[in-house]
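Observations on the model geometry
Here are the chains, one letter per residue:
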Amino acid sequence: YKEPKRMVEDISALGLRHVGYGIPTDLFGPFVTGCVQVVRMLTDNDAAEEAFRWSLNLISRMLTRVINEGSTIVMKAINVNSAKMLKKAVGCAPRGKRALWMLNVQVGTQSIS
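Here goes a summary of the coordinates provided.

Reading guide: rules and limits
Residues numbered from 1 in each chain as written. Predicted model: local features only at pLDDT ≥ 70, side-chain atom pairs only at ≥ 80, totals over all residues. Heavy atoms only, no water. Core = buried A, V, L, I, M, F, W, Y, C linked by side-chain atoms within 4.5 Å. Buried < 20%, exposed > 50% of the residue type's maximum accessible area, 1.4 Å probe, protein only. Helix = DSSP H or I, 4+ residues; strand = E, 2+ residues; numbered from the N terminus. Contact = heavy atoms within 4.5 Å. Salt bridge = Lys/Arg side-chain N within 4 Å of Asp/Glu carboxyl O.

1. Considerations on the nonpolar core
The nonpolar side chains of soluble globular proteins are, as a tendency, buried together. Of all hydrophobic cores here, the largest spans 7 residues; its members are Ile-11, Val-19, Phe-28, Met-62, Leu-63, Ile-67 and Met-75. Of all the secondary-structure elements, those providing two or more residues to this core are helix H1 (4–21) and helix H3 (46–70). With 3 residues, the single largest contributor to this core is H3. Non-local contacts of Met-62, meaning those with residues more than four positions away in its chain, are made with Val-8 and Ile-11.

2. A closer look at the pattern of salt bridges
Under the counting rule described, the total for this entry stands at 5 salt bridges. With a closest N to O distance of 3.5 Å, Glu-3 and Arg-6 form a salt bridge. By relative accessible area, which is 49% here, Glu-3 ends up partly exposed. A residue is classified by how much of its surface remains accessible, and Arg-6, at 43% relative accessible area, is partly exposed. Here Arg-40 makes a salt bridge to Glu-49, at a shortest N to O gap of 3.0 Å. With relative accessibility at 41%, the residue Arg-40 sits in the partly exposed group. Assessed through its relative accessible area of 10%, Glu-49 is described here as buried. Each of the salt bridges in this network shares a partner with another, and the network as a whole consists of Arg-40, Glu-49, Glu-50 and Arg-53.

Below, the structure written as structure tokens:
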């Protein structure tokens, strides 16, 4: 909470790693639910539980946005491990930018290549 800009960058970087791993966004909801249930068993403080839930929901929404924005057609083809899909995805790029499309995935200020 002290450095929100850095935290957003760190969460965006984490989201891009999830893009590279091919993690589906529909798993975030059950993950948050499971984490909140564990915290519920460990504390009787309702305010702490609600704060934890709110924080994880916010992070989950941020990760979902980053994954959706960073999931280019090239990354989708790589995650499926399909040479045919990769050739088709790269074929959509202008000739001068094909290498860039294959090597760079960027969301905001964060990128992986």
